[in-house]
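Overview (structure and organization)
Spelled out from the first residue to the last, the chains are:
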Amino acid sequence: MEYCYQPEIEKASREEIKNIQSERLVNIVKHVYENVPLYRERMDNIGIKPEDIKSVDDLNKLPFTSKQDLRDTYPYGMFAVPMENVARLHASSGTTGKQIVVGYTQKDLDNWGDIVARQLAAAGIEKSDKVHVAYGYGLFTGGLGIAEGARRLGCTSIPVSSGNTARQLTILEDFGSDAIACTPSYAMYLGESAEKAGIDTKKLPLRVGIFGAEPWTEEMRREIEKSLSIKAYDIYGLTEIMGPGVAYECSEQNGMHVNEDHFIIEILDPETHLPVKDGEKGEIVFTCLTKEAFPVIRFRTKDIGTITHEKCGCGRTFVRMSKPMGRIDDMLIIRGVNVFPSQIETVLLQMNLSPNYQIIVDRKGVLDTLEVQVEITEGIFSDTISDISRLEHELADRLKSTLGIAAKATFVAAGSIARSEGKAKRVIDRRNLD
Ligand code: ADP
Ligand code: ZN
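Once a new chain begins, its residue numbering starts again from 1 and follows that chain's sequence as written. Here chains are named by letter from A upward and ligands by number from 1 upward, in the order in which they appear as written. Confidence filtering applies because this is a predicted model: local features only for residues at pLDDT of at least 70, side-chain atom pairs given and counted only at 80 or more, and all residues used for totals across whole chains, interfaces and linings. Just so you know, side-chain values use all the structure's heavy atoms and leave hydrogens and water out.

1. Quick look at the nonpolar core
Keep this limit in mind: To form a nonpolar core, buried Ala, Val, Leu, Ile, Met, Phe, Trp, Tyr and Cys residues must be joined to one another through side-chain atoms within 4.5 Å. Only protein chains enter the area calculation, which uses a 1.4 Å probe; residues under 20% of their type maximum are buried, those over 50% are exposed, and those in between are partly exposed. Per the convention used, a helix needs a DSSP run of H or I reaching at least four residues, while a strand needs a run of E reaching at least two, with both numbered from the N terminus.
Counting residues in each nonpolar core, the largest one holds 71 residues, and the members touching the most others are Phe286 and Met321. Counting residues per element, this core draws most heavily on helix α5 (residues 106-122), at 7 residues. Core analysis: the second largest hydrophobic core is formed by 26 residues, Ile344, Ile376, Ala396 and Phe411 among them.

2. Things to note about the layout of surface pockets
Operational definition: Grid points spaced at 1 Å over the protein atoms alone were grouped into cavities, where a 1.4 Å probe fits but cannot get out, and pockets, open sets with protein on both sides within 12 Å along at least five of seven lines, with lining residues defined by an atom within 4 Å of a point. Grid points are joined across faces, edges and corners, and a volume is the space filled by probe spheres set on the points. Ten residue types, Ala, Val, Leu, Ile, Met, Phe, Trp, Tyr, Cys and Pro, are classed as nonpolar, four, Asp, Glu, Lys and Arg, as charged, and the remainder, Gly among them, as polar. Annotation comment: domain bounds sourced from an automatic or database domain assignment.
Size it by volume and the second largest pocket reaches roughly 730 Å³. Counting only elements with at least two residues in the lining of the second largest pocket, the list comes to α8 (184-196), α9 (218-228) and α11 (378-381). No other element matches α8, which puts 6 residues into the lining of the second largest pocket. Here the lining of the second largest pocket is built from residues that sort into 7 nonpolar, 7 polar and 8 charged. Taken domain by domain, the makeup of the lining of the second largest pocket includes at least three residues from each of domain 1 (1-327) and domain 2 (332-429).

3. Focus: the sheet that holds strand β18 (residues 357-364)
Selection criterion: Any two strands with at least two DSSP bridges between them are considered paired. The axes are straight lines fitted to the C-alpha atoms, using for helices just the contacting stretch, and the angles between their N-to-C directions are given from 0 to 180°.
Within the open sheet, the 4 strands sit side by side as β20-β19-β18-β21. Their pairing is mixed. Unpaired on one side and paired on the other, β20 (408-412) and β21 (427-429) mark the two borders of the sheet. If you compare each strand with its neighbour and ignore which way they point, the axes differ by 20° on average. Of the pairings in the sheet, the one linking β18 to β21 comprises 3 bridges and is parallel in character. Paired with valine 361 across the strands is aspartate 429, a residue of β21.

4. Section: the sheet that holds strand β11 (residues 282-288)
Spatially, β10-β11-β12-β15 is the arrangement adopted by the 4 strands of the open sheet, whose pairing is antiparallel. Taken across any chain shown, the strands that pair with only one partner, and hence form the sheet edges, are β10 (263-268) and β15 (326-327). Looking at chain direction, β10 and β11 are connected through 6 bridges and run antiparallel. Residue isoleucine 267 lies in a different strand from β11, and its bridge partner there is isoleucine 284.

5. Describing the coordination of the zinc ion (ligand 2)
In plain terms, the rule: Metal donors: N, O and S atoms at distances within 2.8 Å, or within 3.2 Å for Na, K and Ca, with water omitted from the atom set so that some sites may seem incomplete. Irregular is the default label, applied whenever a site is not tetrahedral (four donors, all angles between 85 and 135 degrees) and neither square planar nor octahedral (four or six donors, opposite donors over 155 degrees apart, all other angles between 65 and 115).
All of the protein donors around the zinc ion (ligand 2) are Cys250 (SG), His257 (NE2), Cys312 (SG) and Cys314 (SG); their distances to the metal are 2.1 to 2.3 Å. Here the zinc ion (ligand 2) binds 4 donor atoms, and the angle range of 103 to 113° at the metal identifies the geometry as tetrahedral. All donors of the zinc ion (ligand 2) belong to a single chain; written as a sequence motif, their spacing is C-x6-H-x54-C-x1-C. Of this pair, histidine 257 sits in strand β9 (residues 256-258) while cysteine 312 sits in the loop between β13 (307-308) and β14 (320-321), and the two are 55 residues apart along the sequence. Across this residue pair, the class does not change: histidine 257 and cysteine 312 are buried.

6. Describing unusual backbone geometry
Here tyrosine 74 and proline 75 are connected by a cis peptide whose omega angle stands at 0°. Relative to the assigned elements, proline 75 resides in the loop between α4 (67-72) and β1 (88-91).

7. Here we look at the pattern of salt bridges
Which entries qualify depends on this criterion: Throughout this description, the term salt bridge denotes a Lys or Arg side-chain nitrogen within 4 Å of a carboxyl oxygen of Asp or Glu.
Considering all chains together, one arrives at 30 salt bridges under this definition. A salt bridge links lysine 18 to aspartate 57, with the nearest nitrogen and oxygen atoms 3.4 Å apart. Within this pair, whereas lysine 18 is found in helix α2 (residues 14-35), its partner aspartate 57 is found in the loop between α3 (37-45) and α4, the two being separated by 39 residues in sequence. What makes lysine 18 partly exposed here is its relative accessible area of 37%.

8. Digging into empty space enclosed by the protein
For the structure on display, the rule yields 1 cavity of 30 Å³ or more. Lining the largest cavity, in full, are Leu70, Thr73, Tyr74, Pro75, Gly77, Met78, Ile100, Val101 and Phe294. Among the residues making up the lining of the largest cavity, the classes are represented as 7 nonpolar, 2 polar and no charged.

9. Quick look at the pairing of β10
Across a regular strand the side chains alternate sides, sitting on one face of the sheet and then on the other. Of all 6 residues making up β10, 6 are buried, and the element is well covered by its neighbours. With burial as the criterion, each face of β10 is covered, one bearing Phe263, Ile265 and Ile267 and the other bearing Ile264, Glu266 and Leu268.

10. Here we look at the packing of α5 against helix α6 (residues 141-153)
The condition that has to hold: Between 65 and 115 degrees an angle is taken as roughly perpendicular, under 35 as roughly parallel, over 145 as roughly antiparallel, and anywhere else as oblique. Residues are treated as being in contact if the distance between any of their heavy atoms lies within 4.5 Å.
Packing of α5 against α6 leaves a shortest axis separation of 7 Å and a crossing angle of 80°. Judged on the interaxial angle alone, α6 and α5 are roughly perpendicular. Packed against α5, whose contacting residues are Leu109, Asp110, Trp112, Gly113, Asp114, Val116, Ala117, Leu120 and Ala121, the element α6 presents Thr141, Gly145, Ile146, Glu148, Gly149, Ala150, Arg152 and Leu153 at the interface. Split into classes, the residues belonging to the contact of α5 with α6 amount to 9 nonpolar, 4 polar and 4 charged.

11. Topic: the domain arrangement of the protein
Often the size quoted for an interface is simply the accessible area lost on bringing the parts together. The condition that has to hold: Note on definitions: buried area is the accessible-area loss of two parts on being combined, 1.4 Å probe, summed for both. Between N or O atoms, a polar contact is any pair within 3.5 Å; within protein, one atom must be a potential hydrogen donor and the other a potential acceptor, and residues adjacent in sequence are included only when both atoms are from side chains.
When the domains of the protein are assigned, the result is domain 1 (1-327) and domain 2 (332-429). Distance between the C-alpha centres of domain 1 and domain 2: 30 Å. Interface of domain 1 and domain 2: buried area, both sides summed, is about 1600 Å²; carbon and sulfur atoms make up 57% of it. Counting the surface domain 1 buries against domain 2, the share from its top three residues, Thr217, Glu219 and Met325, is 27%. Linking domain 1 with domain 2 are 1 salt bridge. A salt bridge links glutamate 192 to arginine 419; the shortest N-O distance between them is 2.9 Å. The tally of links between domain 1 and domain 2 comes to 8 residue pairs in polar contact (both at pLDDT 80 or more). Counting only elements with at least two residues in the side of domain 1 that touches domain 2, the list comes to α8, α9 and β15.

12. What to know about the side chain of threonine 410
Within the secondary structure, threonine 410 sits in strand β20. A polar atom in the side chain of threonine 410 sits 2.7 Å from the side chain of glutamate 371. Residue contacts for threonine 410: discarding those within four places in its chain leaves Glu371, Val372, Gln373, Val374 and Glu392.

Next comes the structure, spelled out in structure tokens:
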């Protein structure tokens, strides 16, 4: 059985988990009712008192929280403790609008450390290992969140933060990092840069990567594992709920275990708001069970995913969520068809094309157009022009059969698409839809 940071909870029975969740839900509902005006008002409006919530079975009686609610109460309206008890502030990176400020008490930071430590242990990281943290340090939760977990586990963190790729490579080589944490798109770029710099990644001590904060595909995982000579694990989280570590992947690499002693996950039909079955896609909704400073109830993440209660080979009992396919906000509606950038990435990598791509959506008259630009890789480079146009046609055909709409495929020069040090920006929408 693999090493587990807190086996007594990570491998608890369903009944034990349900009991813990019920007890904590009762407490948290009381906490938000007493301390957050928005929740008191919402619950009063629908005639729900904290006493009406007796177990997790009553969860669906509670109101939802939206990103808009958090923006409307910016900066501190959702805080449930006085500022003197707040140890640290963070903010969402604002990928989809105005940023949101969140707070943590000392205890919240300890809990955060625990859940991230669970991820590190599940990825096989031990006390003697050095973890190179190339997520941004700052208001973004990535850097300090992983560092909190490393401190809790007792391994060594190397707070490199993001940027300056040449320096990152020098540190990987000279400091002998055993593990690295960053966004998957940056991991790809690091692999590519290592190759250019003539570094043989097989010779580095590096063996594990912890990647998250943006959607990535299985194909991209394989690319990263190959180029950095590591095993790559997925980690999921969001600022509004905690930061990285809300869910974590184990050695099975088949879904992420949700830290159910701290969060309840629901997968709901975005229109009816009713739970969907295991394996069916829906909007991911989280309820915090232990947060003191910034507890949110039934928070609609806008992320789309699935869950499964099936037993996992690693022995952990927490439910597993799929890789989120993307956010409802990322979903492009092109000529009435729903398109996720991750579907396009899958096609590219299945054809062994470059993972450096860009999606350009435009409108010609009344018609939406979709163009996928992908960088030429060395293999293709040596080919003739007619080979390139044959490949462009093949790509366009495959995109059409996967997405259900026509797309133009264009190869562009290697290195011409901007690399990202944090979250990748894949889509350029020129339609001015708002
Ligand atoms: P922002 O919302 O401003 O980008 P966050 O850094 O809190 O700020 O981003 C959280 C979001 O990042 C999640 O809601 C999800 O859409 C995305 N995300 C985080 N981890 C993953 C992951 N492992 N796979 C896919 N998407 C992820
Ligand atoms: Zn598992």
